[in-house]
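# Commentary on secondary and tertiary structure
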Amino acid sequence: MEMERNNVPKWKATMKYYVCFCKAAAFIAGAILCYNVVNYNVVGVLATYFTDAFNHDAILKSAVLVNVLGGLQVVVVACSWAYSRSFGFRKIIIFSTAINILGLLMLYLSASNFVPYIFVCVLLAVGEFGGSSFLERVLLDQLISGHENIEQIDCKRAQWRRNVWLVIAQVLITIISFPGSWSTIFLIPMCIIGGAGFISLVSSCFFHGGHPASCTKTHPETSGECNLKKNHETLPRDLPFKNVEIQLIKPSSNAGAEAEQKSPSPICSMKQVNVANHLRRMIPMWSTFIVFSLVISAADTFFNLQDDSMEPYVSTTIFLLAKDVLKKVAGSLCGWFLGSRRLSRSEQNFVLKLIICVGMIISVICPSLAWQVEVQRLKKAHEMPSLDGKVPMSDWCMAPLFGLWGLMEGISMRGLDEFFNYHVSKSVQDSGSEIYNKIPIAMGYLLSAVCVSVCKGWFGDTLNKSRLDKYYRMITVLAWINLCWFFFVTIFYSTKEEEEEAGVEL
């Protein structure tokens, strides 16, 4: 880290290391702010809106729609990372802005007219293709490209600079809210999304380009984002990852032309075969994250409804923002812990499994605590019923649940990213956290929609008429079973895998 220079005070050198101002970054951060405002104030509370909109089986239908939306968003974000470089920046922004505005328009119309809500969910999910996740990668791109000495910048420095811009955007979100009816809540975000699209297009006028940045990957939190060096380097669209070079087996230079013509071309290269073997090696670990994602989807669906049914001391937006902050902090601390120690491969493998294990344990505690909170909430709802459906219970009791949600997601997903990088080749590492590791998460959301549909007898028209405590109890049992399966995978499967690798090395 080169922070101190001749005749430059240390505090100025430190500020220059962590803070970088450029016009493109300012505009992109503004667009990210607009998208996050809509995500926290609209998308984050859609479960409450769907519950109010339906007259029959409101909780059941709301839960299914929210889980379908969550699963589709995960898939779209992964596709955005894989294929966004095949399209132009302006095309992506115009497309995503139009789709998001159309989705919000459908929500606005649904407040007074019948609109198929599944169509709305599909539009909002597709709009994520050029949403905040995409813009965060572009922001990191610009902070690297705009560096005065692009050969010296590394991912850690660029990520710190990006985080400074994102923190400013997150702080501003806390002072923005949308009071009033649902129609007003959906109308204002349409204007905000339009402004985000305009700001994004303006930012493209100040983009830095022409310098291929060389960035050494320090951790996989933004592993895909760190592969920003070769801005004009793309692969054929049928390849799901960027860094794999197709190397067909060619005859030796001494062979004649006749031999070259007779030699058949292989279907795939050895590198692609190795990639497939490495991905197959991850399947047991990915299987443990399907139920883990089921726990996340339950929190994403029902925590907002529980908070809305209690006496409001803290807004749901603040809880969601605090959850995301804890998620980022937990993931960063895990990365710092791994980066600050020199570990052998066996020690590194053990520590990675230990980190994921901590997240899995929290995934058992979180639904267990939510189960007990719901038991107390239902008890008070039946003892002291109110006309507005609000339970005389402070929503501060939901704070630990949102906190556990953020911790388990940040720790486990960071551990999975590192575990993926440990077990696969470098050519696939850049696609780990953004594409392959998203597959079990999307499957968990879809599994949650199935579980809610199967357990429809537990859900009524309102939360007070439902037995959400039974659903949480079922999720807790599944989380315990998944934790046992995780221990089996880490102890037996990984041990066998290490022995095979040791045999190959010998």
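Basis of the calculations
Throughout this document, residue positions are counted from 1 along each chain, in the order its sequence is written. In keeping with the model being predicted, local features are shown solely for residues with a pLDDT of at least 70 and side-chain atom pairs are shown and tallied solely at 80 or more, while totals for entire chains, interfaces and linings include all residues. Just so you know, side-chain values use all the structure's heavy atoms and leave hydrogens and water out. For the purposes of this entry, the term helix denotes a DSSP run of H or I that reaches at least four residues, the term strand denotes a run of E that reaches at least two, and both are numbered from the N terminus. Relative accessibility thresholds used throughout: buried, under 20% of the residue-type maximum; exposed, over 50%; partly exposed, between the two (1.4 Å probe, protein chains only). The criterion used for residue contact is that any of the two residues' heavy atoms lie within 4.5 Å. Shrake-Rupley sampling with a 1.4 Å probe provides the accessible areas, and residues are treated as covered by the protein chains on show and by no other component. Between the N-to-C directions of two axes lies an angle of 0 to 180 degrees, each axis being a line fitted to C-alpha atoms and, for a helix, fitted only over the stretch in contact. Oblique is the label for any angle not under 35 degrees, not over 145, and not in the 65 to 115 range, which are roughly parallel, roughly antiparallel and roughly perpendicular in turn. Note: crossing handedness is left-handed where the near helix turns anticlockwise from the far helix by less than a right angle, and right-handed where it turns clockwise. Each residue gets one label: Ala, Val, Leu, Ile, Met, Phe, Trp, Tyr, Cys and Pro are nonpolar, Asp, Glu, Lys and Arg are charged, and the others, such as Gly, are polar. Each nonpolar core is a collection of buried residues, namely Ala, Val, Leu, Ile, Met, Phe, Trp, Tyr and Cys, held together in the definition by side-chain atoms within 4.5 Å. Patch members must show over 30% relative accessible area and no salt bridge, and they are joined within 9 Å when carrying like charges or within 5 Å when they are nonpolar side chains of Val, Leu, Ile, Met, Phe, Trp or Tyr. The salt bridge definition used is simple: a Lys or Arg side-chain nitrogen within 4 Å of an Asp or Glu carboxyl oxygen. Between 30 and 60 degrees the pair is tilted, below 30 it is stacked and above 60 it is edge-to-face, where a pair is any two Phe, Tyr or Trp rings, Trp via its six-membered ring, whose centres lie within 6.5 Å. By this definition, two strands are paired if DSSP reports at least two bridges between them.

### With respect to the overall build of the chain
Along the backbone of the chain there are 19 helices and two strands. By residue count, 51% of the 506 residues in the chain fall in the buried class. Summarising the internal contacts of the chain: among those between residues at least 6 apart in sequence, 83% fall at separations of at least 24. About 23900 Å² of surface is accessible on the chain, with carbon and sulfur atoms providing 64% of the total.

### Comments concerning the packing of helix H4 (residues 58-83) against helix H6 (residues 117-126)
Where H4 meets H6, the closest approach of the two axes is 8 Å, and the angle between their N-to-C directions is 25°. Taken together, the axes of H4 and H6 lie roughly parallel to each other. Pair H4 / H6 crosses with right-handed handedness. On H6, the residues touching Leu65, Val68, Leu69, Leu72, Gln73 and Val76 of H4 are Tyr117, Ile118, Cys121, Val122, Leu124, Ala125 and Val126. Its residues placed into classes, the contact of H4 with H6 shows twelve nonpolar, one polar and no charged.

### Section: the nonpolar core
Judged by nonpolar contacts, the single largest core of 126 residues is most densely connected at Phe302, Phe303 and Tyr471. Those residues in contact with Tyr471, other than ones at most four positions away along the chain, are Leu294, Ala298, Phe302, Ser448, Cys451, Val452, Trp458 and Phe459.

### Concerning a nonpolar patch on the surface
The grouping of Leu102, Leu105 and Leu109 at the surface amounts to a nonpolar patch, some 190 Å² of accessible area in total. The topology assignment puts Leu105 in helix H5 (residues 89-110).

### A closer look at helix H3 (residues 46-53)
H3 sits mainly inside the fold: six of its eight residues count as buried. Burial in H3 covers these residues: Leu46, Ala47, Thr48, Tyr49, Phe50 and Thr51. At its buried positions, H3 is contacted by H4, H5, H6, helix H9 (182-203) and helix H12 (283-308).

### Some details on the packing of aromatic side chains
Scanning the entire structure with this criterion turns up 24 aromatic pairs. Between Phe319 and Trp396 the ring centres are 6.4 Å apart and the planes differ by 90°, which places this aromatic pair in the edge-to-face class. Taken together, the residues span a long stretch of sequence, with Phe319 in helix H13 (residues 316-339) and Trp396 in the loop between strand E2 (391-394) and helix H15 (399-423) at a distance of 77 residues. Trp396 gets classed as exposed once you look at its relative accessible area, which sits at 52%. Feature note: the residues Phe302, Phe303, Phe319, Trp396, Phe402, Trp405, Phe459, Tyr471 and Tyr472 constitute an aromatic cluster, connected by ring pairs.

### Looking at the pairing of E2
Of the two faces of E2, only the one carrying Val391 and Met393 is buried; Pro392 and Ser394 on the other face are not. For strand E1 (residues 310-311) and E2, the ladder comprises two bridges, and the chain directions are parallel. Directly across from Met310, in E2, lies its bridge partner Val391.

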